[in-house]
Amino acid sequence: MTDAAHSTLPTAALIASRRNSPANAALVKRRYAAERRFKAFGIGALILTGTFLLALLTNIVGKSIPAFFEHTANLEVKLDPAVLAPDGKVDPATLKSADYASLTRATLMSIVPGIEGRAARKSLSGVLSSGAADELRRRVVADPSLIGQTIKVPLLLSDDGDLYMKGQDAGASSVPGIGTVTPSDIKGSITLTSTDGAFKSLVDDLTKAGVPKDADTGAIVLNSNLPSRLVAINGGLVKLQSVTPDGATGNVLLSLKGNEAASGPAWQQTTYSVPEGRRKTNDQDVAIIEKVKETGAIQKGINWRFFTSGDSREPELAGIRGALVGSALTLLVTLVLCLPIGVLAAVYLEEFAPKNRLTDIIEVNINNLAAVPSIVFGLLGLAVFLNFMGLPRSAPLVGGLVLALLVLPTIIIAARAAIKAVPPSIREAAIGLGASRQQAVFHHVLPLAMPGIMTGTIIGMAHALGETAPLLMIGMIAFIVDIPGSLTQAATVLPVQIYLWSDLPEVAFQQRTAAAIVVLLAFLFAMNGAAIWLRSKFERRW
Amino acid sequence: MENRAVDLSAIERIEAARTAQITGAARPAKVVAEGVDVYYGAKHALKDVSVDVPDRGVMAFIGPSGCGKSTFLRCINRMNDTIPSCRVTGKITIDDQDIYDPALDVVQLRARVGMVFQKPNPFPKSIFDNVAYGPRIHGLSTNKTELDQIVQMSLQKAGLWEEVKDRLQDSGTSLSGGQQQRLCIARAIAVSPDVILMDEPCSALDPIATAKVETLIDELRSQFCIIIVTHSMQQAARVSQRTAFFHLGTLVEEGPTQLIFTNPKDQRTQDYITGRFG
Ligand SMILES: Nc1ncnc2c1ncn2[C@@H]1O[C@H](COP(=O)(O)OP(=O)(O)O)[C@@H](O)[C@H]1O
Ligand SMILES: [Mg+2]
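Remember, it's a predicted structure, so these values are computed and weren't measured experimentally. (Residues numbered from 1 in each chain as written. Chains lettered and ligands numbered in written order. Predicted model: local features only at pLDDT ≥ 70, side-chain atom pairs only at ≥ 80, totals over all residues. Heavy atoms only, no water.)

## So, the overall build of chain A
Looking only at helices and strands, one finds 21 helices and 12 strands in chain A. Against the compact-globule benchmark of 24 Å for 542 residues, chain A has a radius of gyration of 36 Å, which places it well outside the compact range. Taking the principal axes of the C-alpha coordinates as reference, chain A spans close to 120 × 80 × 40 Å. Looking at chain A as a whole, 43% of its 542 residues are labelled buried. Pairs at least 24 apart in sequence give 73% of the contacts found in chain A among residues at least 6 apart. Per element, the accessible surface of chain A, about 27300 Å² overall, is 62% carbon and sulfur. If you average the places of the 49 positive and of the 42 negative side-chain charges in chain A, the two averages end up 12 Å apart. (Helix = DSSP H or I, 4+ residues; strand = E, 2+ residues; numbered from the N terminus. Rg over C-alpha atoms; globule rule 2.2 N^0.38 Å. Buried < 20%, exposed > 50% of the residue type's maximum accessible area, 1.4 Å probe, protein only. Contact = heavy atoms within 4.5 Å. Areas by Shrake-Rupley, 256 points an atom, 1.4 Å probe, with all protein chains shown as cover. Lys, Arg positive; Asp, Glu negative; His and termini not counted. Charge placed at Lys NZ, Arg CZ, Asp CG, Glu CD.)

## Structural notes on the sheet that holds strand S5 (residues 97-98) of chain B
Residues and elements named next belong to chain B. Taken in spatial order, the four strands line up as S2-S1-S4-S5 in an open sheet, and their pairing is antiparallel. Both outer strands of the open sheet, strand S2 (43-54) and S5, are each paired with one neighbouring strand and no more. As defined by bridge partners, strand S4 (residues 86-94) adjoins S5 across two bridges and the pair is classed as antiparallel. Bridged to Ile94 within S5 is Gln97. Sitting on the sheet, helix H2 (residues 69-76) is in contact with strand S1 (29-40), S2 and S4, with an inclination near 120 degrees to S1. (Pairing = 2+ DSSP bridges. Axes fitted to C-alpha atoms, helices over the stretch in contact; angles between N-to-C directions.)

## Structural notes on the domain arrangement of chain A
What the domain assignment reports for chain A is domain 1 (2-65), domain 2 (68-165), domain 3 (172-278) and domain 4 (317-538). Look at where the C-alpha atoms of domain 1 of chain A and domain 2 of chain A centre, and you get two points 72 Å apart. (Domains from an automatic or database assignment.)

## Section: the site of ligand 1
Residue and element names in this part refer to chain B. For ligand 1, the full set of nearby residues is Tyr40, Lys43, Ala45, Ser65, Gly66, Cys67, Gly68, Lys69, Ser70, Thr71 and Ile83. With respect to ligand 1, the side chain of Tyr40 contributes an N or O atom lying 3.5 Å from a nitrogen atom. A distance of 3.3 Å is found between an oxygen atom of ligand 1 and a backbone nitrogen or oxygen belonging to Cys67. Of all the secondary structure elements, the ones that give two or more residues to the shell around ligand 1 are S2 and H2. For the shell around ligand 1, the element with the most residues is H2, which contributes three residues. Grouping the amino acids of the shell around ligand 1 by side-chain chemistry returns four nonpolar, five polar and two charged. (Near = heavy atom within 4 Å. Polar contact = N/O pair within 3.5 Å; in protein donor to acceptor, adjacent residues only side chain to side chain. Nonpolar A, V, L, I, M, F, W, Y, C, P; charged D, E, K, R; others polar.)

## What to know about the state of the cysteines
Simply put, the disulfide is a covalent bond whose two ends are the sulfur atoms of two cysteines. Residue and element names in this part refer to chain B. Scanning the entire structure with this criterion turns up zero disulfides over all chains. Here Cys202 stays free of any disulfide, with the sulfur of Cys184 as its closest cysteine sulfur at 12 Å. Classification of Cys202 as buried rests on a relative accessible area of 7%. (Disulfide = S-S within 2.5 Å.)

## Description of the side chain of A:Thr492
All names here are of chain A. Tracing the sequence through the fold places Thr492 in the loop between helix H19 (469-473) and helix H20 (494-502). Here Thr492 falls in the buried class, since its relative accessible area comes to 3%. A distance of 3.0 Å separates the side chain of Thr492 from the backbone oxygen of Met476, its partner in a polar contact.

## Digging into the interface of chain B and chain A
At the interface, 20 residues of chain B touch 18 residues of chain A. Viewed at the interface, chain A and chain B are joined by one salt bridge. The residue A:Glu428 makes a salt bridge to B:Arg74 at a minimum N-O spacing of 3.0 Å. One can count six residue pairs in polar contact (both at pLDDT 80 or more) joining chain B with chain A. (Salt bridge = Lys/Arg side-chain N within 4 Å of Asp/Glu carboxyl O.)

## As for unusual backbone geometry
In terms of backbone geometry, most residues other than glycine have negative phi values and most peptide bonds are trans. Residue and element names in this part refer to chain B. Even without glycine at this site, Arg78 takes up a positive phi of about 55 degrees. Judged by relative accessible area, Arg78 falls into the buried class, the value being 14%. Phi is positive for Asp96, which is not a glycine, with a value near 65 degrees.

## A short note on the sheet that holds strand S12 (residues 298-302) of chain A
Backbone-to-backbone hydrogen bonds pair the strands of a sheet. The strands run either parallel or antiparallel. All names here are of chain A. Spatially, the three strands line up as an open sheet ordered S2-S1-S12, and their pairing is antiparallel. In this open sheet, the two edge strands, each paired with only one partner strand, are strand S2 (150-156) and S12. Going across the sheet, the axis of each strand differs from the next one's by a mean of 35 degrees, ignoring polarity. Of the strand pairs in this sheet, strand S1 (residues 69-78) and S12 are connected by five bridges, and their pairing is antiparallel.

## Topic: a nonpolar patch on the surface
Together, A:Ile302, A:Trp304 and A:Phe307 give the surface a local cluster of nonpolar side chains, amounting to about 320 Å² of exposed area. Note on placement: A:Trp304 falls in the loop between S12 and helix H12 (305-308). (Patch = residues over 30% accessible without salt bridge, like charges linked within 9 Å, V, L, I, M, F, W, Y side chains within 5 Å.)

## A short note on the nonpolar core
Among the nonpolar cores identified, the biggest contains 104 residues, and B:Phe61, B:Phe72 and B:Phe246 are the most heavily contacted of them. Sorting elements by how many residues they give to this core places helix H16 (residues 396-421) of chain A first, with 13 residues. Residue contacts for B:Phe72: discarding those within four places in its chain leaves B:Ala33, B:Val36, B:Leu46, B:Val49, B:Val51, B:Phe61, B:Ile92 and B:Phe246. If you look at the next biggest cluster of nonpolar residues, it comprises 43 residues, including B:Ile62, B:Leu175, B:Ile185 and B:Leu220. (Core = buried A, V, L, I, M, F, W, Y, C linked by side-chain atoms within 4.5 Å.)

## Some details on the packing of helix H17 (residues 424-432) of chain A against helix H18 (residues 437-465) of chain A
All names here are of chain A. Between H17 and H18, the least distance of the axes is 9 Å, while the angle of their chain directions is 160 degrees. Taken together, H17 and H18 sit at an angle that is classed as roughly antiparallel. Every pair of crossing elements has a handedness; the one defined by H17 and H18 is right-handed. Contacts from Ile426, Arg427, Ala430 and Ile431 of H17 reach H18 at Ala440, His444, Val445 and Leu448. (Parallel < 35°, antiparallel > 145°, perpendicular 65-115°, else oblique. Left-handed = near helix turned anticlockwise from the far one by under 90°.)

## With respect to the pairing of strand S6 (residues 113-116) of chain B
All names here are of chain B. What you see with S6 is no split at all: Val113 and Met115 on one side and Gly114 and Val116 on the other are buried throughout. Where S6 lies against strand S7 (residues 195-199), four bridges are found, and the strand directions are parallel. Each bridged residue has a counterpart across the sheet, and for Met115 the counterpart in S7 is Leu197.

## Here we look at the pattern of salt bridges
Residue and element names in this part refer to chain A. For the structure on display, the rule yields 33 salt bridges over all chains. For Glu135, the salt bridge goes to Arg138, with nearest N and O atoms at 2.9 Å. Of this pair, Glu135 and Arg138 both sit in helix H8 (residues 132-142), three residues apart, which is roughly one turn of the helix. One salt bridge in this structure joins Asp283 and Arg279, with 2.9 Å as the shortest N-O distance. Here Asp283 matches Arg279 in class, with each residue buried. Here the residues in one salt-bridge network are Lys239, Glu276, Arg279 and Asp283, joined through shared partners.

## A look at the layout of surface pockets
Taken as a whole, the largest pocket holds about 470 Å³ of empty space. Lining the largest pocket we find 18 residues, and of these A:Glu350, A:Glu351, A:Arg427, A:Arg437 and B:Thr82 sit closest to its centre. Elements that contribute at least two residues to the lining of the largest pocket include exactly helix H13 (321-352) and H17 of chain A. A per-element tally of the lining of the largest pocket places H17(A) first, with four residues. Of the residues contributing to the lining of the largest pocket, the split by class is nine nonpolar, one polar and eight charged. (1 Å grid on protein atoms, 1.4 Å probe; cavity = no way out; pocket = protein on both sides within 12 Å on 5 of 7 lines; lining within 4 Å. Points joined across faces, edges and corners; volume = space filled by probe spheres on them.)

Structural data, given as structure tokens:
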């Protein structure tokens, strides 16, 4: 056995010949193949991640863009003294509580004639935002001398009106009518009759589109899954329900001025190509919005309100200011607590603490704390800060405290790493010159570690800014309209606001959710950018 | 004739003084170590070292790597205090004052005993601030003019003034390696220490920078008691008047440099200087 092993011991010549053998060449080839494979995997992973990120960002940014714009109707409003100051008194209290909505309604009525009945009135009031009158109120309260005048005011559209203007419209189009049509009445359910087959082309169109004729009456019956067909006649608008070549029945959306016969281009045939069943706005709404649109009064503008107002039940009025201020206050508390405590803890552990079991345990536990799920900190906050210490719910103070617990380990770890990275030669130089340990740390080590500490702090703060779960536990999830003015006032924060909005059914809120996410991401990117900038600016090579 | 005799005696006296200065024998001891032992935890790094370091002049510690030269040097300004596992026993006095006396303020000690390290380690601050740091923390200047003067004087003594006088606000780390080391020497002498410890101050420098630092050490020896650790025997021979040879934690022998290099008493010294080990 030993002999055999001895006899096969390779000689130098044998090894050299193996080195040049074809088997060796194959080995080299395999190595190249393995390297190529590794590179391909790496690039593949990068492309995959990049694609996901890009898809996510384009999706969110794309969705958010409409939320940064709003539509207003620039309308002439008559500031009727009878409404604003019914008993002739012009004092701020009266002016503030006056019924401005009735003024804007009156304006709309004058633009859109023929509003009759509950449904029409409801649609009319749905065109403008419930906050539209606020601008009017602001102006009048600021300048009561306007009362009695007619002024042009930008009135905010409602979320549905706004969305309609942003492209979720009905695809309205009109063609001049051919032939003569006589309406039976000016409102309600009416029939339109024609002696010269005015609806023949419409019937042909519908038949071609495959809409069946009713077996009994021979008329074509329209429904909400088909494009809406309307007739504009005598200053009003009739939505057709059934059509024969010689007549049609329908509902009046905007009442007619009279029931005399109209012929030729005097009446028009209107189509809303998007079926009613597939829109948020019904035909009545569309009829009114289209009328307002026709006046050319609707303008698109940047939605500054999104950044200047607090939350609202109305999407067009909702903004993130409250959440931003809440986040700022919360982060302020976090920073003020975390930075000094974290840095001093790190300095103590790194520079002064005796190396023994206790400091080892502390060290391990700090690292463990950094890995604790954030919701646990929320529970802790709920138990300690709210239930035991009795601090107010939903307050930035408590949010900041909880987030401070969350971020503290991160900052301590980052600060310790930064302090450790300062070469010992600097400490030795200072101590060799007769600096005390503390002087060496505070004069030399800490300033040199500061960029690293700041980087860690900013990243920790960015982490805190995006944190939601622990704040839910301490009640920062309430619906809060007011912009918080102090640390103990109820507030919400940006990620929680996003969470709240994302739950709401309105399309406009979905867009605002995306917009708020974009704002949050912008802040996070800015903070991380600042961290990277700090790191590269103050990076030292020893 | 009379004149000539006087001349002769004068020459003799000068000669004697020169010898004394070169060997350092006639000078009173500045640093005295008696039976110093150093332990790093259980490791006995320095065993029963006793040595007298004379005032003024340069004493070199030589010996193979790991023999405890740095350890002993760091005992003299108590830098070893910063190493938790390190324990020093025995007695070291400077000017007859026990530096391990519990009543002694270690910060004050380090102001009296400056140190220059192996790798140049200027603070990443301006050249001015580097030199001014010692005087500042020890409150050695009462106003800005004085501080300016101290900085200038120190840089002049370190032979760096001409090179940096126009760029005192530049970072100390922007200097070349040799300049940085001279800056560290200037920083050490800015507090006017009695003793300067140098731990292989030239080992990170190129030959030209080394020559400059050696010249500087030679100039400073008339004002300071300098102890230099070096692993270069040529350097020890060039700059020192006395040499101590360490081996495996013990001080093997100590004496005038010329004597150590020409006529060592111990076989181990003989082996080391002839390059048989090291
Ligand atoms: N901080 C320390 N901890 C433990 N052992 C050390 C420490 N510093 C030095 N030593 C040991 O002490 C011995 C002497 O070291 P040192 O004085 O640095 O040698 P030299 O400077 O002569 O090369 C070496 O064996 C070294 O391993
Ligand atoms: Mg050494």
